[in-house]
Amino acid sequence: MHAMTVALVLAMTGILLVPANAASAESVNLYSARKEALVRPLLDAFTEASGTEVRLVTAKGGQLHQRLLAEGENSPADVLLTVDAGNLWRAAEAGLLRAVNSAYLDATVPATYRDPDGRWYGLSLRARAVVYATERVSGTDLADHLDGYLELADPVWRGRVAVRSSNSIYNQSLIAAVIANYGPEVAERWAHGLVENFARPPSGGDRDQIRAVVSGEADLSIVNSYYYAVLLGSNEADWMAGTAIYFPADAQMGAHVNVSGAGVTRHAPHPDAALALIEFLASPEAQSLYAELNHEFPVHPDVAPSGVVAEWGSITTDDIPVVQFGRLNPDAVRIADRAGWN
Ligand code: FE
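Residues numbered from 1 in each chain as written. Predicted model: local features only at pLDDT ≥ 70, side-chain atom pairs only at ≥ 80, totals over all residues. Heavy atoms only, no water.

Visitor: Go over the packing of helix H2 (residues 36-50) against helix H12 (residues 284-294), please, and point to the residues and values.
Guide: Between H2 and H12, the least distance of the axes is 10 Å, while the angle of their chain directions is 160°. Relative to H12, the element H2 is oriented roughly antiparallel. The way H2 lies across H12 gives a crossing that is right-handed. On H12, the residues touching Leu38, Pro41, Leu42 and Ala45 of H2 are Glu285, Ala286, Leu289, Tyr290, Leu293 and Asn294. (Axes fitted to C-alpha atoms, helices over the stretch in contact; angles between N-to-C directions. Helix = DSSP H or I, 4+ residues; strand = E, 2+ residues; numbered from the N terminus. Parallel < 35°, antiparallel > 145°, perpendicular 65-115°, else oblique. Left-handed = near helix turned anticlockwise from the far one by under 90°. Contact = heavy atoms within 4.5 Å.)

Spelled out as structure tokens, the structure:
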């Protein structure tokens, strides 16, 4: 007897009419590449609203990916939460996520910020911006030499740009977006010109690039927007008085926007609770919390950003669907390698 037949017989006898997860629906297991301090308040709010406990496992995105692969169908994970559409795309490509049907998510998360096949949804937005030294980069410099990202390769910025390694998925996705907007030849020339403009060999994370601008090692840095907002709210705020943020945009490409997001795992033991958690994370309540905690832009169109972020005003954003960052990732990595962006 085939498994299918067994299931049919059980269904006919009514045994399968009991929700499969009834015994354990009181909890859901979350694998999170985001730190506990950031996600815990959201999970507590979910538990309060639903009665469902969340068991949290946090690790680096790559480690969670490997763990899901190794655990296979025995994985206790219900939801994978990670940053960057490139990482979400990789997880989906590796078969780690399942397609879901959610009228709420489809109505709430703009199509640009989710997987067309429903395997992951963006839950917060971040722009890859330029933080610069206002004393060394004048308004005229900006107006004349920095509209879109392409001009970061302008020789006027020779030896003045700080950016982390191209090992970072943040930079791989930015390069992918440049490919998607301008084509591979332009992207390749741009990457070479940008490397020429480096103030120093790439090192450290995004915060360290901002610190390089503050210390005078660089005049411009390429960083995710929330790092700047977080530092402005930290004990480093005074130190950053001579800096400002700029969102590159030209006629072709607006500010590069990426996502953090989540998907229900392929072998989720509690798929209904998993989807309920993701839907909650997209809800106005969770979106407000998220915005205040990490200064990302809400993905929910009706939720306001944090006060600091609101001060930046409206931003012209790139409209390339973020799934393209995953699809073009191999091309982006090759371009970065050939350009010597280590
Ligand atoms: Fe980050």
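Visitor: Describe the packing of aromatic side chains, naming the residues involved and giving the relevant values.
Guide: Going through the model one piece at a time under the given rule, you end up with six aromatic pairs. Pairing Phe198 with Trp341 gives two aromatic rings, centres 5.8 Å apart and planes at 80°, and the pair type is edge-to-face. You can see Phe198 sitting in the loop between helix H8 (184-196) and helix H9 (206-215) and its partner Trp341 sitting in the segment after helix H15 (329-339), a full 143 residues away along the chain. Of the residues examined, Trp341 reaches a relative accessible area of 1% and is grouped as buried. (Phe/Tyr/Trp six-rings, centres within 6.5 Å; stacked < 30°, edge-to-face > 60°. Buried < 20%, exposed > 50% of the residue type's maximum accessible area, 1.4 Å probe, protein only.)

Visitor: Hey, could you go over the coordination of the iron ion for me, with residue numbers and the actual values?
Guide: Metal coordination angles have textbook ideals: 109.5 degrees for a tetrahedral set of four donors and 90 or 180 degrees for an octahedral set of six. With distances of 1.9 to 2.0 Å, the protein atoms coordinating the iron ion are Tyr170 (OH), Tyr226 (OH) and Tyr227 (OH). Along the chain, the residues donating to the iron ion are arranged with the sequence spacing Y-x55-Y-Y. Of this pair, Tyr170 sits in helix H7 (residues 169-182) while Tyr226 sits in helix H10 (residues 225-232), and the two are 56 residues apart along the sequence. (Donors = N, O, S within 2.8 Å, 3.2 Å for Na, K, Ca; no water.)

Visitor: Mind laying out the packing of H7 against H15, listing which residues take part and the relevant values?
Guide: Packing of H7 against H15 leaves a shortest axis separation of 8 Å and a crossing angle of 100°. Judged by the angle between their axes, H7 and H15 are roughly perpendicular. Each of Ile169, Gln172, Ile175, Ala176 and Ile179 in H7 lies in contact with H15, whose residues at this interface are Asn329, Asp331, Ala332, Val333, Ile335 and Ala336. Residue classes in the contact of H7 with H15 are distributed as eight nonpolar, two polar and one charged. (Nonpolar A, V, L, I, M, F, W, Y, C, P; charged D, E, K, R; others polar.)

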